[in-house]
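# Report on the structure
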Amino acid sequence: MKRVVFNNKFLPLLLLAPQLIITAIFFLWPAAQAIRQSFLREDAFGLRTEFVGIDNYTALFRSSEYLNSFSVTLIFTVSVTVVTMVFALLMAIAVDRLIKSEKVYTTLLIWPYAVAPAVAGILWWFIFNPSIGILPYVLRQVGINFNWIFDPTDAMIFVVIASAWSRISYSFLFFLAGLQSVPASLREAAAIDGAGPVKRFFTITLPLLSPTTFFLLVVNLVYAMFETFAVIDATTLGGPAQSTNILVYKVYQDGFVGQNLGSSAAQSVILMGIVIVLTVIQFRFVEKRVAY
Amino acid sequence: MVENRPILNILAHLVLILGVAIVALPVWIALVASTHASNDFLGGVVPMWFGDQAWNNYSRMLGTGISTSGMPPVSWMMFNSLIMALGIAIGKIAISITSAFAIVYFRFPFRMLAFWVIFATLMLPVEVRIVPTFQVVANLGMLNTYPGLIIPLIASATATFLFRQVFLSMPDELTEAARIDGAGPMKFFWDILLPLTRTNIAALFVIMFIYGWNQYLWPLLITTGSDMYTVVAGIKRMSTVADTDPQWNYIMATAVLAMLPPLLVVIFMQRLFVKGLVETEK
C-alpha cells in the first residue's frame, strides 16, 4: 500500500483498460459461455438448443469413458509430478555439493525448459518409435517388447517420460535455490554433533526444503493437468483405447473434434473448478503476494 | 559443503553425468537424425552418429519444406512464430506494466474489482475454455491473423503481480520528489519507473518470448490456412503426414530448428532467464 499516490480518477482506468478489455472478451465471456452451454443441448444439426439443466453433468458421471479419463488423469498427473521432482531433486543435491562445477552442470540441465512440450513429444516419439526407435531396440535385446501404439501401459510410460522431461529444468532451478538457502551453520552444527550426510539430509535439509517442495508440487500438478495437452496431441492422441486420454484432451476431442458442445462445456466447467481449487491452494498456502 | 568426502563428490559427478546424458538424449538423437537421408530410417535402429545430409535436409526444409504435405517452408513458419513470440512478449509487458502502475499509484473506485478481474485470468487457462474462446475469436473475424494469434494470450496476472511487487518496493520519497518537482503521473512513469524496472522487464521478456514461441494449442486452433502456421504447431501436422511416409530426417531437422531460438535465448541470457523464472512464478 502506497502512502503517496496521484490524484486522478480517469487516468488509472485508461491505464487498466487494455488488460481489462482483453480479459473480459477472451477470458470472462468465454468462461460464462461455457457455463451457459453446459446447461444446454444442441440437436444433431445445431439448429435447436434446449435447456437440459444438469443433464450434461449427470451424463458425464455416468459415462465410463469420462470416469476412465479421471483415473487416467490422476495416474498421469501424479506420475509426471513424482518423476519430475525426484529427478530434479537428485540433480539439485548433486549440483549443490559441487561448488566448482556448479555453473557448468546448471547450464547443461536447464535448457530443456526452452523446448516446447509439443516438440518434446515429437522427440520422444522418435526415441520410442516401435520399429526404429532406440529404446524399444535396447529393450528388445533384453526380451521386453515395448510398443506404445498397442499397449496402454507402455503408452502411459511414454507420455509420462515425455512430459516429465520438459519440466525437469524448472523444478531443478527451484530446488537448487532452496538448497542453497539452507544455512550452512545448521549443517555444520549437525556434523559436529556427529550426523552423517544422509542423516543431515533427512533431518535438516529436507524439512527446510518443504516450502519449495510444496510450491513445486502444486505448480507441477497444474502443469501436468493442463499444459501437457501438447504432449498428448503430438504423440498418442489419447490412445490406445483411451489409455492416455487426460481430461484436458477429452474436452478438446469432444468439443472440437466430436462437436459435442454441451458435454464439452460441462467438462470445461469441471476443469475450471479444479484449477480454481489448485490456484487457491497455491495462493493461500504458498504465496503471500495477494494479501493486501 | 560441510566436510570433504571424495567418494560423495565422485558419486555426485556420476549422478550428474548420467542425468545430463538422459536430459540430452532426445536432442542428440534428433540432431543426428537430421543429418541422414530418408532411407536410413527404413529398418533396423536409428543411427547414433552423424550422416552427411545435414546441408541437404536443412536447406530443403528452410527453402521449400515438404511440398507434398502442403506445408509452407520452415523459414516461413519460423517467421510466424517470431512475430507471435515478440507480439506476446511485448504485449504482455505493455499491458501489465500499465495495469500495475494504475493499481499501485492511484486510488479510484473499483480498484479491488480490477485487481480480482486480473487475478481471474490465472484460473482460466485456455485449455479449459477452448471452444467458447474459439467462437469469440471466429466471431471477431480474427482467425488466421496475427492479432488473433497474439491478443487473446497477452492478458497476464503473473506479469501484473510481478510489476506490482516491484512498484511496491520503490521508495515513496521518489514519488514525493517527482511531485514536488511538478512531474505528472505519466512523466513519473516514463522517466522514473520505467528506467528503474529495466532489468525486471528484460527478465520477463526472456520468459515471455519462450512462452510465446512454444505456444501450441492456440495456434493449432486458430490457424487453418497453412501460410499462418507457426513452427511448433506445424511440426505436428508434418509428423502426421510422416506417419504414413516416414521422413524422419526432415521432421527432426524441423524439430531442431523449432527449438533453436528459445534454446539460444536460455543459453545466452541464462542470468536473465533464471531471474525471470524465479520472479514470475514465485
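Residues numbered from 1 in each chain as written. Chains lettered and ligands numbered in written order. Predicted model: local features only at pLDDT ≥ 70, side-chain atom pairs only at ≥ 80, totals over all residues. Heavy atoms only, no water.

### A few points about the overall build of chain B
- Tallying secondary structure elements over chain B gives 14 helices and 0 strands in all.
- Along chain B, from the amino end to the carboxyl end, the secondary structure elements read α-α-α-α-α-α-α-α-α-α-α-α-α-α.
- Relative to the globule expectation of 19 Å for 282 residues, the C-alpha radius of gyration of chain B, 24 Å, shows a markedly less compact shape.
- Reported as C-alpha extents along the three principal axes, the dimensions of chain B are approximately 75 × 65 × 30 Å. (Helix = DSSP H or I, 4+ residues; strand = E, 2+ residues; numbered from the N terminus. Rg over C-alpha atoms; globule rule 2.2 N^0.38 Å.)

### Some details on the overall build of chain A
- Within chain A, the secondary structure is distributed over 14 helices and 2 strands.
- Across its three principal directions, the C-alpha atoms of chain A cover 75 × 75 × 30 Å.
- Considering only residue pairs separated by 6 or more positions, chain A has 65% of its internal contacts joining residues 24 or more positions apart.
- Summed over all atoms, the accessible surface of chain A reaches about 12900 Å², with 68% contributed by carbon and sulfur. (Contact = heavy atoms within 4.5 Å. Areas by Shrake-Rupley, 256 points an atom, 1.4 Å probe, with all protein chains shown as cover.)

### Quick notes on the pattern of salt bridges
- With the rule as written, the count across this model stands at 4 salt bridges over all chains.
- Its salt-bridge partner being Asp 254 of chain A, residue Lys 250 of chain A comes within 3.1 Å of it at the nearest N-O pair. Of this pair, Lys 250 of chain A and Asp 254 of chain A both sit in helix α13 (residues 247-257), 4 residues apart, roughly one helical turn.
- In this structure, Asp 191 of chain B and Lys 187 of chain B form a salt bridge, with 2.7 Å as the shortest nitrogen-oxygen distance. Of this pair, Asp 191 of chain B and Lys 187 of chain B are both found in helix α9 (residues 185-196), 4 residues apart, which corresponds to roughly one turn of the helix.
- Bridged by salt links that share partners, the residues Glu 65, Lys 250 and Asp 254 of chain A form one connected network. (Salt bridge = Lys/Arg side-chain N within 4 Å of Asp/Glu carboxyl O.)

### Concerning a nonpolar patch on the surface
- On the surface, Trp 28, Leu 31, Met 48, Trp 49 and Phe 50 of chain B cluster together to form a nonpolar patch covering roughly 490 Å² of accessible area.
- Among the structural elements, Met 48 of chain B can be located in the loop between α1 (6-33) and α2 (54-63). (Patch = residues over 30% accessible without salt bridge, like charges linked within 9 Å, V, L, I, M, F, W, Y side chains within 5 Å.)

### Details of the confidence of the model for chain B
- Mean pLDDT over chain B: 84, with 92% of residues reaching 70 or higher.
- Across chain B, element-level confidence peaks in helix α3 (residues 74-105) of chain B with a mean pLDDT of 92 and bottoms out in α2 of chain B with 74. (pLDDT = per-residue confidence, 0-100.)

### Let's talk about α9 of chain B
- Given a rise of 1.5 Å per residue, 12 residues ought to cover 16 Å, and the 15 Å separating the end C-alpha atoms of α9 of chain B matches this to within 8%.
- For α9 of chain B, the complete set of buried residues consists of Pro 185, Phe 188, Phe 189, Leu 193 and Leu 194 of chain B. When α9 of chain B is viewed along its axis, its buried side chains cluster within an angular range of 145° and face the same direction.
- Looking at the buried residues of α9 of chain B, the elements they touch are α1 (11-37) of chain A together with α3, α7 (157-168), α8 (172-180) and α10 (198-213) of chain B. (Expected span 1.5 Å × (residues − 1). Buried < 20%, exposed > 50% of the residue type's maximum accessible area, 1.4 Å probe, protein only. Arc of directions from axis to C-beta.)

### Focus on the UniProt feature "transmembrane region" (unreviewed entry) in chain A
All names here are of chain A.
- Sites flagged by UniProt as "transmembrane region" (unreviewed entry) map to residues 70-95, 107-127, 155-179, 200-226 and 265-286.
- This span, residues 70-95, is 100% helix and 0% strand, and a straight line between its end C-alpha atoms measures 37 Å.
- Secondary structure content for residues 200-226 is 96% helix and 0% strand, while the C-alpha to C-alpha distance between its ends is 37 Å. (UniProt positions renumbered as here; feature names shortened; annotations may be inferred.)

### Overview of the UniProt feature "transmembrane region" (unreviewed entry) in chain B
All names here are of chain B.
- Sites flagged by UniProt as "transmembrane region" (unreviewed entry) map to residues 7-31, 82-106, 113-134, 146-167, 188-210, 216-235 and 247-269.
- Regarding residues 82-106, the helix share stands at 96% and the strand share at 0%, and the terminal C-alpha atoms are separated by 36 Å.
- Helix makes up 59% of residues 113-134 and strand 0%. Its end C-alpha atoms lie 26 Å apart.

### Notes on the interface of chain B and chain A
- In this assembly, 118 residues from chain B lie in contact with 102 residues from chain A.
- Here chain B packs against chain A, burying approximately 10300 Å² in sum over the two surfaces, 76% of which is carbon and sulfur.
- Run the count over chain B and chain A and you get 0 salt bridges.
- Taken together, the connections running from chain B to chain A amount to 13 residue pairs in polar contact (both at pLDDT 80 or more).
- When residues of the side of chain B that touches chain A are assigned to their parent elements, the largest contribution, 18 residues, is made by α1 of chain B.
- Among the residues forming the side of chain B that touches chain A, the class breakdown is 83 nonpolar, 20 polar and 15 charged. (Buried area = accessible area lost by both parts, 1.4 Å probe. Polar contact = N/O pair within 3.5 Å; in protein donor to acceptor, adjacent residues only side chain to side chain. Nonpolar A, V, L, I, M, F, W, Y, C, P; charged D, E, K, R; others polar.)

### Things to note about the confidence of the model for chain A
- The pLDDT averaged across chain A works out to 85; a share of 95% of its residues lies at or above 70.
- Taken element by element, chain A is modelled with least confidence in strand β2 (residues 49-51) of chain A, mean pLDDT 77, and with most confidence in helix α3 (residues 64-97) of chain A, mean pLDDT 92.

### Observations concerning the packing of α10 of chain B against helix α13 (residues 248-268) of chain B
Residue and element names in this part refer to chain B.
- Following both chains from N to C, one finds α10 and α13 inclined at 170°, their axes separated by 10 Å at the closest point. Compared by their axis directions, α10 and α13 come out roughly antiparallel. Between α10 and α13, the contacting residues are Val 206, Phe 209, Ile 210 and Trp 213 on the first element and Ala 258, Pro 261, Pro 262, Val 265 and Val 266 on the second.
- A breakdown of the residues in the contact of α10 with α13 according to their chemical character gives 9 nonpolar, no polar and no charged. (Axes fitted to C-alpha atoms, helices over the stretch in contact; angles between N-to-C directions. Parallel < 35°, antiparallel > 145°, perpendicular 65-115°, else oblique.)

### Re helix α2 (residues 55-62) of chain A
- Considered for burial, the residues of α2 of chain A that qualify are Asn 56, Tyr 57 and Leu 60 of chain A. One side of α2 of chain A holds all its buried residues, which, seen down the axis, span an arc of 100°.

### Observations regarding the UniProt feature "domain: ABC transmembrane type-1" (unreviewed entry) in chain A
- Per the UniProt record, "domain: ABC transmembrane type-1" (unreviewed entry) is annotated on residues 70-282 of chain A.
- Secondary structure content for residues 70-282 of chain A is 76% helix and 0% strand, while the C-alpha to C-alpha distance between its ends is 22 Å.

### Digging into the environment of Val 142 of chain A
All names here are of chain A.
- Note that Val 142 resides in the loop between α6 (134-141) and α7 (152-165).
- Take Val 142: its relative accessible area is 62%, and that puts it in the exposed class.
- C-alpha of Val 142 to C-alpha of Thr 153: the two residues are 11 residues apart in sequence and 18 Å apart in space.

### Details of unusual backbone geometry
- Despite not being glycine, Ala 241 of chain A has its phi angle at roughly 50°, a positive value.
- You can see Ala 241 of chain A is positioned in the loop between α12 (229-234) and α13.
- The exposed category is assigned to Ala 241 of chain A, whose relative accessible area is 71%.
- Phi is positive for Asn 144 of chain B, close to 60°, though the residue is something other than glycine.
- Among the secondary structure elements, Asn 144 of chain B is positioned in the loop between α5 (130-139) and α6 (146-150).
- Judged by relative accessible area, which is 26%, Asn 144 of chain B ranks as partly exposed.

### Looking at the packing of aromatic side chains
- Counted under the stated rule, the structure contains 37 aromatic pairs over all chains.
- Seen from their ring centres, Tyr 66 of chain A and Phe 70 of chain A are 5.5 Å apart, and the 90° between their planes marks the pair as edge-to-face. One end of the pair is Tyr 66 of chain A and the other is Phe 70 of chain A, both in helix α3 and 4 residues apart, which spans about a single turn.
- Residue classification places Phe 70 of chain A among the partly exposed positions, given a relative accessible area of 29%.
- A centroid spacing of 6.2 Å and a plane angle of 75° characterise the contact between Trp 111 of chain A and Trp 165 of chain A, whose relative ring orientation is edge-to-face. With Trp 111 of chain A in the loop between α4 (102-110) and α5 (117-127) and Trp 165 of chain A in helix α7, this pair connects stretches of sequence that are 54 residues apart.
- Put simply, the rings of Phe 6 of chain A together with Phe 101, Tyr 105, Phe 106, Phe 163, Phe 167, Phe 188, Phe 189 and Trp 190 of chain B pair up and form one aromatic cluster.
- We note Arg 167 of chain A situated over the ring of Tyr 170 of chain A; from NZ or CZ to the ring centre the distance is 4.2 Å.
- The side chain of Arg 129 of chain B reaches across the aromatic face of Phe 27 of chain A, ending 4.1 Å from its centre. (Phe/Tyr/Trp six-rings, centres within 6.5 Å; stacked < 30°, edge-to-face > 60°. Lys NZ or Arg CZ within 6 Å of the ring centre and 35° of its normal.)

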